[in-house]
Each structure stands twice: as C-alpha cells, then as structure tokens.
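Listed below, chain by chain, are the residues.
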Amino acid sequence: MQMDWVFGLAGGLLIGLGGAVFLLANGKIMGASGIIGGLVDGSSRKNWQEPAAFLAGVVLLPILIFPLFSNVDTHITTNWAVLISAGLLVGVGTRIANGCTSGHGVCGMSRLAPRGFVATIAYIVAGGVGMYVFRHILGII
Amino acid sequence: MRALFAFVAGGLFGAGLFISGMTDTAKVQGWLDVFGTWDPTLAFVMGGAMIPMAIAWTLRQRRDTPVLGGTFPPPAPREIDRKLIAGSVMFGAGWGLAGLCPGPSLASLSYGGVGHWVFFAAMLAGMAIAPRLSLRLDRFVRAT
C-alpha cells in the first residue's frame, strides 16, 4: 500500500518516544529481548515490577487501538515447524548477542554504538540471505 | 512510579509497533526479501524511531541521574566479539523465517492468533536455554 511509509514513520516515532521515556525517566535501555529474557532467566527477578510493567504496556496498548484499524492481518505462517525453529533461533540468538532490533537497532545505533551497527548489519544480512534461501531456493516460506 | 513510567514506555512501544505495521510478518519478510517484492517500510520505522531516541541520548548528557532516580546505563561497550556476530546471525535467520522479532512478537499476542503464541513460546524456551549455550560458546571460543 502506498501510505505504508507514513504509518511506518508515525509508528517509528512512537517506538522512539517509548525508548526516550524509558531512558530518561527509568534510566533503562529499551531492548525487548533483554527485558523479556531478564525475566525468563531470572537475572532481573529482584526488580521484576519494572520490566513486567513495560511488557504489560507492550501487550495491552495494541488491544486498545486495535478497534481503530480494519483488516489487521499479520500473515503469520501456519507451519508450526517453521514457527518453533524461528522462535528458538530468535530467543537464543538475541540473548547470545545481548540485543535485538530495539536494543541494538533503535537504542544502540542512535547513540552510535559500534556493537549496535555490527549487530544490525549481521541480523539484516542473515535475514536477507535466509529469506533468499528459505523462500526462493527451498520454497518453505 | 517506576512501574507506571515503564508501563507508559511499553505502551508507546507497543502502539508504535502496531501502527508501523511491524507486527505484520509479511512487511518484515518483505523488507528482507531483496530478490522478491521488496518492502521499504522497515527503514522508515527504524529511521522514525532513531529521531526521538537520538534526542534522548543528547538530553541524557545534561543529566546526572534519570528523572526517577537510579543510574543511567553505562557507556556502550566497544568490544565486537564472536558472540555478538554469532547471536545476531542466529537471530536474523529466525527473524526472516517467521517475520517476527521479540518486540512485535509480544505486541501481536492479543490479536495475531495461535501462530504468534507458538512462536512466542519457542522464543521463551530459546531465551531460557541461552545462558547455558552462551557458557559453552565461551568455553569453545577460549579453546580455539
């Protein structure tokens, strides 16, 4: 759709605003994998209220604005083997690399962190190569 | 108070992910599909998100402590290690396979349907075993 970039830019600004609030008010870097992973492996279990409240906001706000949009389709695959392998790769990979699109991408690159740029290039190249192999060679997605 | 601001930050993040279209796996896969029908939306999302965030890092320089107290994150580490690359490559492969990364996987749980829960559960399992794999990787790197 031609208007997609407008929604992309507007949504991006909101994402950045969320990161700005989390940094300036709470003093934390808004990295989704770190916030989720810290609760999963117990490293943030002592002060669990802050990450838990953040995650609650991420889940709940889309419910509130969902009725404003029509035809929301996430086009997710129905192939469970693909979903499970992808989920495992994302879970393990983001924790080993200590960040994902929000932490390394949005928060890291905006403060010119070398690790943010290296990670972002690595996961975009891997995703692009993966897409070529999975879709155009193997035809599984 | 800390939880309230964390909730607001999470809410902005979730709303932004929803509005930007990043919970639509076809848009993410479209961005990665350079040899198919390429979709540039993700670049606008990333660019848009970097603007307030870059301003926030500048404002951070003028303060000693965050508004709610505590400490700011330490300066960004400069070390590029194999774990950063290996982990990011694994993440990228999974990101391309399903078209989901951790933030959008959470934001889409309420409306995406069962597939999103399957991915989310697998991601949590991956995050749970990651510390052990990470230790093994450390030993492997030291041995080579």
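How each quantity is defined
Residues numbered from 1 in each chain as written. Chains lettered and ligands numbered in written order. Predicted model: local features only at pLDDT ≥ 70, side-chain atom pairs only at ≥ 80, totals over all residues. Heavy atoms only, no water. Phe/Tyr/Trp six-rings, centres within 6.5 Å; stacked < 30°, edge-to-face > 60°. Helix = DSSP H or I, 4+ residues; strand = E, 2+ residues; numbered from the N terminus. Contact = heavy atoms within 4.5 Å. Buried area = accessible area lost by both parts, 1.4 Å probe. Salt bridge = Lys/Arg side-chain N within 4 Å of Asp/Glu carboxyl O. Disulfide = S-S within 2.5 Å. Buried < 20%, exposed > 50% of the residue type's maximum accessible area, 1.4 Å probe, protein only.

Participant: Looking at this structure, I do not really get the packing of aromatic side chains. What am I missing?
Facilitator: The description of two aromatic rings rests on the distance between their centres and on the angle between their planes. Taken as a whole and judged by the stated rule, the model has 13 aromatic pairs over all chains. For the pair Phe-7 of chain A and Phe-69 of chain A, a centre-to-centre distance of 6.3 Å together with 65° between the ring planes defines the contact as edge-to-face. With a gap of 62 residues between them, Phe-7 of chain A in helix H1 (residues 4–26) and Phe-69 of chain A in the loop between helix H3 (49–65) and helix H4 (80–96) connect regions that are remote in the sequence. Taken together through their ring pairs, the aromatic side chains of Phe-7, Phe-66 and Phe-69 of chain A together with Phe-18 and Tyr-111 of chain B make up a single cluster.

Participant: Would you take a moment to explain the interface of chain B and chain A for this structure?
Facilitator: In many reports, interface size means the accessible area that the parts give up when they come together. Each partner contributes residues to the interface: chain B has 99 residues there, and chain A has 97 residues. Both sides of the chain B and chain A interface together cover about 8,800 Å² of buried area, and 80% of this is carbon and sulfur. Its largest share of buried area at the contact with chain A, chain B owes to Phe-13, Trp-57 and Leu-97 of chain B, together 8% of the area lost on that side. In this assembly, chain B and chain A are joined by four salt bridges. Residues Lys-27 of chain B and Asp-4 of chain A are paired through a salt bridge, measuring 2.5 Å at the closest nitrogen-oxygen approach. For the side of chain B that touches chain A, the secondary-structure elements that each account for two or more residues are helix H1 (2–20), helix H2 (25–32), helix H3 (41–61), helix H4 (82–98), helix H5 (102–107) and helix H6 (114–143) of chain B. The element best represented in the side of chain B that touches chain A is H6 of chain B, accounting for 18 residues.

Participant: Quick question: what am I supposed to make of the state of the cysteines here?
Facilitator: Disulfides are covalent bonds that link the sulfur atoms of two cysteine residues. Here the structure, examined in full by the defined rule, presents zero disulfides over all chains. Between Cys-100 of chain A, a cysteine without a disulfide, and Cys-101 of chain B, which holds the nearest cysteine sulfur, the sulfur-to-sulfur distance is 6.1 Å.

Participant: So what exactly am I meant to see when it comes to unusual backbone geometry here?
Facilitator: Leaving glycine out, the prevailing phi sign among residues is negative, and the prevailing peptide bond configuration is trans. All names here are of chain A. Phi angles above zero are rare outside glycine, and Asn-71 is one such case at about 55°. Take Asn-71: it is sitting in the loop between H3 and H4. Residue Leu-112 is not a glycine yet carries a positive backbone phi of 55°. Among the structural elements, Leu-112 can be located in the loop between helix H5 (101–109) and helix H6 (114–137). We classify Leu-112 as exposed; its relative accessible area is 65%.

Participant: I tried to follow the side chain of Arg-115 of chain A on my own but got confused; where do I start?
Facilitator: Position of Arg-115 of chain A among the secondary structure elements: in helix H6. Residue class for Arg-115 of chain A comes out buried when judged on its relative accessible area of 13%. Here Arg-115 of chain A is in contact with Ala-97, Asn-98 and His-104 of chain A together with Pro-77, Glu-79, Ile-80, Asp-81 and Leu-84 of chain B, once residues within four sequence places are set aside.

The values are spatial; any link to function lies outside them.
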